Amino acid sequence: MVLSDRTIKLEVAKGRIVIAPLDSDDIQPSSVDLHLGADFQVFRNSRYPYINPATEQPGLTESVTTSVEEPFVLHPGEFVLGTTVERIGLPSDIVGRLEGKSSLGRLGLLIHSTAGYVDPGWDGNLTLELSNVANLPILLVPGMAIGQISFSLMTTPVDRPYGHVELGSKYLGQTVATPSKMHLNWPKER
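Model, not experiment: these values are computed from the prediction. (Residues numbered from 1 in each chain as written. Predicted model: local features only at pLDDT ≥ 70, side-chain atom pairs only at ≥ 80, totals over all residues. Heavy atoms only, no water.)

Draft legend 1. Up close: the layout of surface pockets. A volume near 1,100 Å³ is recorded for the largest pocket. Lining the largest pocket are 39 residues, and of these Tyr171, Thr178, Pro179, Ser180 and Lys181 sit closest to its centre. At the level of secondary structure, the elements contributing two or more residues to the lining of the largest pocket comprise strand 3 (39–43), strand 6 (79–89), strand 9 (117–118) and strand 10 (123–132). Of the residues forming the lining of the largest pocket, the biggest block, four residues, is contributed by strand 10. Across the lining of the largest pocket, the residue classes tally to 19 nonpolar, 14 polar and six charged. (1 Å grid on protein atoms, 1.4 Å probe; cavity = no way out; pocket = protein on both sides within 12 Å on 5 of 7 lines; lining within 4 Å. Points joined across faces, edges and corners; volume = space filled by probe spheres on them. Helix = DSSP H or I, 4+ residues; strand = E, 2+ residues; numbered from the N terminus. Nonpolar A, V, L, I, M, F, W, Y, C, P; charged D, E, K, R; others polar.)

Draft legend 2. Region of the structure containing the packing of aromatic side chains. Within the structure shown, the criterion is met by three aromatic pairs. Ring geometry for Phe43 and Phe79: centres 5.7 Å apart, planes at 40°, overall tilted. Taken together, the residues Phe43 in strand 3 and Phe79 in strand 6 connect sequence positions 36 residues apart. When its relative accessible area of 29% is taken as the criterion, Phe43 is described as partly exposed. Over the face of the ring belonging to Tyr117 we find Arg97, whose NZ or CZ atom lies 4.8 Å from the ring centre. (Phe/Tyr/Trp six-rings, centres within 6.5 Å; stacked < 30°, edge-to-face > 60°. Buried < 20%, exposed > 50% of the residue type's maximum accessible area, 1.4 Å probe, protein only. Lys NZ or Arg CZ within 6 Å of the ring centre and 35° of its normal.)

Draft legend 3. View of unusual backbone geometry. The omega torsion of the bond from Ala20 to Pro21 falls at 0°, within 30 degrees of zero and hence cis. Structurally, Pro21 can be placed in the loop between strand 1 (18–20) and strand 2 (32–35).

Draft legend 4. Expanded view of the environment of Leu136. With respect to the secondary-structure elements, Leu136 resides in the loop between strand 10 and strand 11 (138–140). Sequence separation between Leu136 and Lys170 is 34 residues, and the spatial gap between their C-alpha atoms is 35 Å.

Draft legend 5. Main features of the sheet that holds strand 9. Spatially, 2-12-7-9 is the arrangement adopted by the four strands of the open sheet, whose pairing is antiparallel. Edge positions in the sheet fall to strand 2 and strand 9, since each has one partner strand and no second. Bridging between strand 7 (residues 94–100) and strand 12 (residues 145–153) involves seven bridges; their strand directions are antiparallel. What sits directly across from Leu98, in strand 12, is Ile149. (Pairing = 2+ DSSP bridges.)

Draft legend 6. Up close: the environment of His35. By the secondary structure assignment, His35 is in strand 2. On the accessibility criterion, His35 (14% relative accessible area) is buried. It is 6.8 Å that separates the C-alpha atoms of His35 and Gly147, two residues lying 112 residues apart in sequence.

Draft legend 7. Region of interest: the side chain of Asp26. Topologically, Asp26 is positioned in the loop between strand 1 and strand 2. The buried charged residue Asp26 lacks any salt bridge partner; its closest oppositely charged side chain belongs to Lys101, at an N-O distance of 7.7 Å. If we skip the residues at most four places from it in the chain, Asp26 touches Ser31, Val32, Asp33 and His35. (Lys, Arg positive; Asp, Glu negative; His and termini not counted. Salt bridge = Lys/Arg side-chain N within 4 Å of Asp/Glu carboxyl O. Contact = heavy atoms within 4.5 Å.)

And the structure:
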């Protein structure tokens, strides 16, 4: 079941759900608004001829830090990684679901391609997969409401929460926009 605003407040008060920082005005009927951080990872398309998920490609992305005075301009067709201001922490029986803001979606901004689930046991800032599908640039200002997270109670606590030693969780504790570590999942040659 999806948690209501009342239940979200109770779980936050108990410390089972961590959202830091949290402004009570950001709690919506069934979600919590999240805000855009100042850190981005921009793809350097002149570094490699293609992206190879099986190999680490140093320098594939470049870190860019923005400010309210100098926001990030996301051009049409561009894809970059961003981050949330908020750190999210979940217990082993609650899963989060990240979604964009409807008003920004109506402008052509997508905040995730595939990474919408926030696994039980997660702790860290969320990396956003930002795409502009509009035909005009979109201004991304640090601190702006960028998305929302809803929470669902699972039927039981999971046996292996995110971060469990057997899972090889690669992004636990991240605090900035973090490039892909897919190469760590790739089978090694024998």
